[in-house]
Structure formats: structure tokens, C-alpha cells
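# A look at the structure
Here is what each chain is made of, one letter per residue.
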Amino acid sequence: MKKRGLFISFEGIDGAGKSTHLGALARAFEAQGRVVTLTREPGGTPLAEKLRAIILNDTIDSLTEVMLVFAARREHLQQLIEPALARGEVVISDRFTDATFAYQGSGRGYDWQTLLYLERLVQTVQGLEGDFVRQPDLTLWFELDPEIAAQRLAGARVPDKFESQSAAFFDRVSHGYAQRLQADPGRFARIAADNPRETVWLSVLQAVQQKGWLV
Ligand SMILES: Nc1ncnc2c1ncn2[C@@H]1O[C@H](COP(=O)(O)OP(=O)(O)OP(=O)(O)O)[C@@H](O)[C@H]1O
Ligand SMILES: Cc1cn([C@H]2C[C@H](O)[C@@H](COP(=O)(O)O)O2)c(=O)[nH]c1=O
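As the structure is a computational prediction, the values presented were derived from the model and not from experiment.

Here is what the cut-offs are and how they apply
- Residues numbered from 1 in each chain as written.
- Chains lettered and ligands numbered in written order.
- Predicted model: local features only at pLDDT ≥ 70, side-chain atom pairs only at ≥ 80, totals over all residues.
- Heavy atoms only, no water.
- Pairing = 2+ DSSP bridges.
- Helix = DSSP H or I, 4+ residues; strand = E, 2+ residues; numbered from the N terminus.
- Axes fitted to C-alpha atoms, helices over the stretch in contact; angles between N-to-C directions.
- Contact = heavy atoms within 4.5 Å.
- Near = heavy atom within 4 Å.
- Polar contact = N/O pair within 3.5 Å; in protein donor to acceptor, adjacent residues only side chain to side chain.
- Areas by Shrake-Rupley, 256 points an atom, 1.4 Å probe, with all protein chains shown as cover.
- Nonpolar A, V, L, I, M, F, W, Y, C, P; charged D, E, K, R; others polar.
- Parallel < 35°, antiparallel > 145°, perpendicular 65-115°, else oblique.
- Left-handed = near helix turned anticlockwise from the far one by under 90°.
- Phe/Tyr/Trp six-rings, centres within 6.5 Å; stacked < 30°, edge-to-face > 60°.
- Lys NZ or Arg CZ within 6 Å of the ring centre and 35° of its normal.
- Core = buried A, V, L, I, M, F, W, Y, C linked by side-chain atoms within 4.5 Å.
- Buried < 20%, exposed > 50% of the residue type's maximum accessible area, 1.4 Å probe, protein only.
- Salt bridge = Lys/Arg side-chain N within 4 Å of Asp/Glu carboxyl O.

The five strands lie next to each other as β2-β3-β1-β6-β7, forming an open sheet whose pairing is parallel. Looking at the sheet topology across the chains shown, the edges are occupied by β2 (36-40) and β7 (188-192). For this sheet, the mean inter-axis angle between neighbouring strands, taken without regard to orientation, is 20°. Pairing of β2 with strand β3 (residues 90-94), which is carried by five bridges, proceeds in the parallel orientation. Bridge pairing in β3 links threonine 39 to serine 93. In this fold helix α7 (residues 167-183) packs onto β1 (6-12), β6 (138-143) and β7, with an angle of close to 145° to the strand it touches most, β6.

By nearness alone, 15 residues border ligand 1, and Gly17, Lys18, Ser19, Thr20 and Arg157 come closest of all. Glycine 17 has a polar backbone atom sitting 2.9 Å from an oxygen atom of ligand 1. When ligand 1 sits alone it has 630 Å² of accessible area, and the protein chains cover 80% of it. A per-element tally of the shell around ligand 1 places helix α1 (residues 18-31) first, with three residues. When its residues are assigned to classes, the shell around ligand 1 shows three nonpolar, five polar and seven charged.

So, about the packing of helix α3 (residues 62-86) against helix α5 (residues 112-123). Interhelical geometry of α3 versus α5 gives an angle of 25° and a closest axis separation of 9 Å. Here α5 runs roughly parallel to α3, going by the angle between their axes. In the packing of α3 onto α5, the handedness of the crossing is right-handed. Every residue of α5 that contacts α3 at Val66, Phe70, Arg73, Arg74 and Leu77 is listed here: Leu115, Leu118, Glu119, Leu121, Val122 and Gln123. Residues that form the contact of α3 with α5 fall into these classes: seven nonpolar, one polar and three charged.

Right, let's get into the packing of aromatic side chains. In the structure shown here, the tally under the stated rule is eight aromatic pairs. Seen from their ring centres, tryptophan 141 and tyrosine 177 are 6.0 Å apart, and the 35° between their planes marks the pair as tilted. Highlighted residues: tryptophan 141 in strand β6 and tyrosine 177 in helix α7, separated in sequence by 36 residues. By way of ring pairs, the aromatic residues Tyr103, Phe162, Phe169 and Phe170 are connected into one cluster. The ring of phenylalanine 70 is capped by arginine 73, whose NZ or CZ atom sits 5.1 Å from the centre of that ring.

Remark: helix α4 (residues 97-107) packs on α7, axes separated minimally by 8 Å, with the N-to-C direction vectors making an angle of 130°. Between α4 and α7, the angle falls in the class oblique. Our pair here, α4 against α7, has a crossing hand that is right-handed. In contact with Thr97, Asp98, Ala99, Phe101, Ala102, Tyr103, Ser106 and Gly107 of α4, α7 contributes Phe169, Phe170, Arg172, Val173, His175, Gly176, Tyr177, Gln179 and Arg180. Along the lines of polarity and charge, the residues of the contact of α4 with α7 split into eight nonpolar, six polar and three charged.

Turning to the nonpolar core, a few remarks are in order. Counting 46 residues, the largest nonpolar core has Leu25, Phe29, Tyr103 and Leu140 as its most contacted members. With sequence-adjacent residues up to four places away left out, phenylalanine 29 is seen in contact with Leu6, Ile8, Arg34, Val36, Val90, Ile92, Val208, Trp213 and Leu214. Listed in part, the eight residues of the second largest apolar core include Phe70, Phe101, Leu115 and Leu118.

Attention shifts here to the pattern of salt bridges. Applying the stated criterion to the full structure yields 15 salt bridges. Aspartate 137 is the partner of arginine 4 in a salt bridge, and the nearest nitrogen-oxygen pair spans 3.7 Å. Placement of the pair is arginine 4 in the segment before β1 and aspartate 137 in the loop between β5 (130-133) and β6, with a sequence separation of 133 residues. The class for arginine 4 is exposed, based on a relative accessible area of 53%. Aspartate 137 sits in the partly exposed class, given a relative accessible area of 22%. A salt bridge links aspartate 14 to arginine 95, with the nearest nitrogen and oxygen atoms 3.9 Å apart. In this pair, aspartate 14 sits in the loop between β1 and α1 while arginine 95 sits in the loop between β3 and α4, placing the two residues 81 residues apart along the sequence. Relative accessible area serves as the criterion here: at 12%, aspartate 14 is assigned to the buried category.

Purely geometric numbers; function is a separate question.
In C-alpha cells form, the structure reads like this:
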């Protein structure tokens, strides 16, 4: 029998340690017979990757940035995420829509109500029982003090437009994530990302096991 598709997103400020565990989670699902689509936002399709390059590198006004992020998301959902979920795959995405609320909403101060409107518009998809707003089944929020994240990133790579923002910006981004969690607590698992890598990995695994998706 075909398994139900699962959608898992990884969220947190830059340098929180998300990418370190994405591949391991994919392998854990594959070891239990699941097909995994590993993807990221902005990005995930050729067009969305082109938009990613602009979003991460060009200086653009805040409304333009919001529109590009949501355009990339619509393309990503329609071309990659929805078809993979329909095939019963596990979709693991390095960031999804919570990042827009955290970065563009709280970080940049863009109007939250407009983001809610665009979220509904862009993420409305057709299901067997009618239209609904697609959200991840589980969001792993890697919580880390911005100062520690900055130390981890220092020297690791050339910072992009977002990675070179101040600690105050990332404090606001963290508050944005906290606000999203408060609005939909059942979807989130908090991951204490200040722990050593092995401990963080066990927290990731435990959050997924608690859902009954891995044994
Ligand atoms: N638990 C940890 N303790 C110490 N260092 C870590 C830990 N987890 C990851 N790192 C290191 O911190 C840096 C950032 O990690 P990673 O790239 O996984 O973060 P990220 O959340 O994916 O960042 P970004 O969102 O900017 O892509 C890397 O150099 C990584 O090796
Ligand atoms: C989805 C999304 C992402 N961003 C920002 C957050 C990060 O700084 C970059 C992506 O880089 P990463 O190394 O892949 O984490 O983009 C954003 O501002 N808004 C969004 O919706």
C-alpha cells in the first residue's frame, strides 16, 4: 500500500546547524524504505534557484523581496513538493514559509498581515476533499543564540546578504519563529541547537520518532 506523503521543514537562524542534519534524516527515512525528496527554500526548482540567487545576493526593496520569495515558493510547491507528496514521498525542506515570517516579517519589519494573505494565496493547493493551505506536517526549529551562530559561521564561508546581518536582526528573526510556533504549536518541535552535534541529532530523531514516522 502506498504510504502517506510527509512534509518536514527545518528552520532557524543562519548558522543554527540545520544543514548538518538534513542528510542524516533523509538517510534514516531511506533506511526504513521511504523515498525522500531533499530540497530547500528559496530554491528547489531551476526557476526558484534563479530567484534564490537574486534574493540572497541583490539589494532589493522589501516588497520585491517578499514577492520573489513567495513566487519561488509557489513554483517549488507546484513543481516539486506537491508531486512528491502525491507519490507518497517524504519531503524534507531546508526552510519553508516560517522563514518568510521570521526574516521578512520580524527581521525586516514587513507587514505580518500581508504575509498571512500571501501565505494563504500561494500555499492553497487542491486536495481530495477540496482546497487547503499546505503547511509542513512537522517543523524542526533549531533554536540558537545569534552570537553562537555568528561564531560558528565566522570563517566557515563567505556570508551572503542575510548571513552578514547584525545580531539584533537575528534576535528579531528568532522572535518571529517563536511567534509562528505560538500560532501553531502542534506543528513545531524545538531543537536545542546549542548542544553538541550528536545530541542535536538525537533530538531531531526523537522529534520524528514521536510522530511515529521512524522507529
Ligand atoms: N552542534 C554544533 N556544534 C558546533 N558547531 C556546529 C554544530 N552544528 C553545526 N555546526 C557548524 O556550524 C556551522 C553552521 O552549520 P550549518 O551550515 O549546518 O547551519 P545552517 O543552519 O544550515 O546555516 P544556514 O542557514 O546559514 O545555511 C557549520 O560550520 C557546522 O559545521
Ligand atoms: C525561505 C526564506 C529564506 N530566507 C533567507 C534565510 C537565509 O538567510 C537564506 C537562505 O540561505 P540558507 O543558507 O539556505 O539557509 O534566505 C528568507 O529571508 N526568507 C525566506 O522565506
